[in-house]
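Fold and geometry: a report
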Amino acid sequence: MNMEEALLQAIHEAPADESPWRVLGDWLEDQGAPERAELLRLSLALRREAEGPAARQVLEGRLRALLAAGARPCVPGLVNSIGMPLVLVPPGTFLMGSPDDEPDRSLDEGPQYEVTIARPFYLGAHPITQRQYQEVVGSNPSCFSPGGDGKGRVQALDTGAFPVESVSWEEAVTFCAKLSGRRHERSAGRSYRLPTEAEWEYACRAGTTTPFHFGPSLTTRQANVEEPSGEAQATSLKRTTTVGSYPPNAWGLYDMHGNVDEWCCDGYVRGYYDRCRAQGSQGPGRGDWRVVRGGSWLYRAASSRAACRGCFRPEDRRVVVGFRVVCVTGPI
């Protein structure tokens, strides 16, 4: 085991302990990767909550500049038995929802309230792909696949690495159960579920407070969306595309904005944030509708904001909706 592997293993075993994170940053700098080291330290500082909004704004700006320049996040992760990369999301506290003055804000995105993610968790680095879904479930319901209604838009393309879509919430839950039941996953002590809304938004923001983890606006160079924000010349694909085609956030998560909306385990309830703030709680609500997050290839950028909430019935299959999974495992 080399030094990087040893440090990452130490983080896996105690994600809330900042010491191995700081040592990893020093090691990256010694290895001639100062940008990656700075990115890691900035991410750590943002998790600690900088003193005052002005200081936080400076840190966030520098973090986005490093990512835009191509700095690659150094984050602990694992790869499961079907080749799915999962990223360790550290514990922390954040403001869930959008501020009153955020452009395109909906009333159900507020009031903002403080949420603590007390336990770290592993989250899929990108949405579940058609190939992964096929391997676990034995079928591929996607429109943008060789056998789907949208096959004319993906001729000669390898859609196996496209996100699975046209999958219901019920089918996403079934996928999690089937994957959890596979022999290699059971022997590794891993099980799978959909993320809560709070987990999803916390992971999407990755320490940032702007509408998008990229900043106040979103372009088609950053995400697969229909109508970009802040871009004069829009170049929309009019379909899904290979996961991981756009830059990640600071925690190494791809496609948190655009490509496909993603099912959460929560029921959609209006006025939910009011109750959560009053009760000091967060987590799945009850209701006949289920929450989706992230926006999609068909929607304008505003629908891909970190705080934006959507919903469908659990039996609905929509060409704009896929999912990613949380992996629950032993050390955390």
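Preceding this paragraph is the structure being described.
The structure contained in this document is the topic of the report that follows. Owing to the predicted nature of the structure, the values given are computational and were not obtained by experimental measurement. (Residues numbered from 1 in each chain as written. Predicted model: local features only at pLDDT ≥ 70, side-chain atom pairs only at ≥ 80, totals over all residues. Heavy atoms only, no water.)

**Overview of empty space enclosed by the protein**
What counts here: With a 1 Å grid spanning the protein atoms alone, the term cavity applies to any set of points in which a 1.4 Å probe fits but cannot get out, the term pocket to an open set with protein on both sides within 12 Å along at least five of seven lines, and the term lining residue to any residue with an atom within 4 Å of a point. Grid points are joined across faces, edges and corners, and a volume is the space filled by probe spheres set on the points. Under the DSSP-based scheme used, a helix requires at least four consecutive residues in state H or I and a strand at least two consecutive residues in state E, with every element numbered from the N terminus. Residue classes follow a fixed rule: Ala, Val, Leu, Ile, Met, Phe, Trp, Tyr, Cys and Pro count as nonpolar, while Asp, Glu, Lys and Arg count as charged, and any other residue, Gly among them, counts as polar.
Enumeration according to the criterion identifies 2 cavities of 30 Å³ or more in this entry. Approximately 120 Å³ is the volume found for the largest cavity. Lining the largest cavity are 14 residues, with W21, S43, C74, V75 and A250 positioned closest to its centre. Looking at which element gives the most residues to the lining of the largest cavity, the answer is helix α3 (residues 34-47), with 6 residues. When grouped by side-chain class, the residues that make up the lining of the largest cavity number 11 nonpolar, 1 polar and 2 charged. Lining the second largest cavity are H213, F214, Q222, A223, Y246, P247, L253, Y254, D255, M256 and H257. In terms of residue class, the lining of the second largest cavity is made up of 7 nonpolar, 3 polar and 1 charged.

**Some thoughts on the sheet that holds strand β1 (residues 77-79)**
Stated precisely, the cut-off is as follows: Strand pairing is assigned whenever DSSP detects at least two bridges linking the two strands. Every angle, taken between N-to-C directions, lies between 0 and 180 degrees, and every axis is a line fitted to C-alpha atoms, over only the stretch in contact when it is a helix.
The sheet built from 5 strands is open, its strands ordered β1-β2-β5-β11-β6 with antiparallel pairing. Either end of the sheet is taken by a strand with one partner, and the two such strands are β1 and β6 (191-193). Across this sheet, the average inter-strand angle for adjacent strands is 35°, counted without regard to direction. Both β6 and strand β11 (residues 326-328) contribute to a ladder of 3 bridges, which runs antiparallel. Bridging across to β11, Y192 finds its partner in C327.

**Focus on the pairing of strand β4 (residues 113-117)**
So the rule is basically this: The classification of residues rests on relative accessible area computed with a 1.4 Å probe and restricted to protein chains. Under 20% of the type maximum is buried, over 50% is exposed, and intermediate values are partly exposed.
A one-sided burial pattern is seen for β4, the buried positions being Y113, V115 and I117 and the unburied ones E114 and T116. Here 5 bridges tie strand β3 (residues 92-96) to β4, and the two strands are oriented antiparallel to one another. By the bridge assignment, L95 is partnered in β4 with E114.

**Quick look at the nonpolar core**
As a rule of thumb, nonpolar side chains are buried together in soluble globular proteins. In plain terms, the rule: Residues grouped as a nonpolar core are buried Ala, Val, Leu, Ile, Met, Phe, Trp, Tyr and Cys residues, joined through side-chain atoms within 4.5 Å.
Formed by 42 residues in total, the largest nonpolar core has its most connected members in F175, W263 and F323. Put simply, the parts of the chain that give this core at least two residues each are α1 (3-13), α2 (18-30), α3, β2 (85-89), α5 (130-137), α6 (169-180) and β7 (261-267). The dominant element in this core, judged by the number of residues it contributes, is α6, at 5 residues. One finds L46, A250, Y268 and V269 within the second-largest nonpolar core, a separate group that totals 37 residues.

**So, the packing of α1 against α2**
The criterion, for reference: Relative orientations are named as follows: roughly parallel for angles under 35 degrees, roughly antiparallel for angles over 145 degrees, roughly perpendicular for angles from 65 to 115 degrees, and oblique for any other angle. Handedness of each helix crossing follows the sense of rotation of the near helix against the far helix: counterclockwise by less than a right angle gives left-handed, clockwise gives right-handed. Contact between two residues is taken to exist if any of their heavy atoms lie within 4.5 Å; hydrogens are not considered.
In the contact formed by α1 and α2, the axes pass within 9 Å of each other and the chain directions differ by 160°. Judged on the interaxial angle alone, α2 and α1 are roughly antiparallel. The handedness of the crossing between α1 and α2 comes out as left-handed. Contacts between α1 and α2 involve M3, E4, L7, L8, A10 and I11 from the first element and P20, W21, V23, L24 and W27 from the second. Here the residues of the contact of α1 with α2 sort into 10 nonpolar, no polar and 1 charged.

**A word on the packing of aromatic side chains**
Between two aromatic rings, the relevant description is the distance of the centres plus the angle of the planes. In plain terms, the rule: When two rings of Phe, Tyr or Trp (its six-membered ring) have centres within 6.5 Å they constitute a pair, described as stacked for plane angles under 30 degrees, edge-to-face for angles over 60, and tilted for the intermediate range.
Using the criterion set out here, one finds 7 aromatic pairs in the structure. Ring geometry for Y133 versus F175: centroids 5.7 Å apart, planes at 5°, classification stacked. Remark: F175 occurs in helix α6 and Y133 occurs in helix α5; sequence separation between them is 42 residues. The residues Y133 and F175 share a single accessibility class, namely buried. The interplanar angle of 85° and the centroid separation of 5.2 Å between the aromatic rings of F144 and W297 together place this pair among those described as edge-to-face. Of this pair, F144 sits in the loop between α5 and α6 while W297 sits in the loop between β8 (290-293) and β9 (310-312), placing them 153 residues apart in sequence. Overall, F144 belongs to the buried group, its relative accessible area being 2%.

**Quick look at the layout of surface pockets**
Computed from the structure, the largest pocket encloses a volume of approximately 610 Å³. Secondary-structure elements contributing two or more residues to the lining of the largest pocket are α3, α4 (53-68), β3 and α8 (197-205). If one sorts the elements of the lining of the largest pocket by residue count, α4 sits on top with 6 residues. Classifying every residue of the lining of the largest pocket by side-chain character gives 10 nonpolar, 9 polar and 7 charged.

These figures come from the coordinates and say nothing about function on their own.
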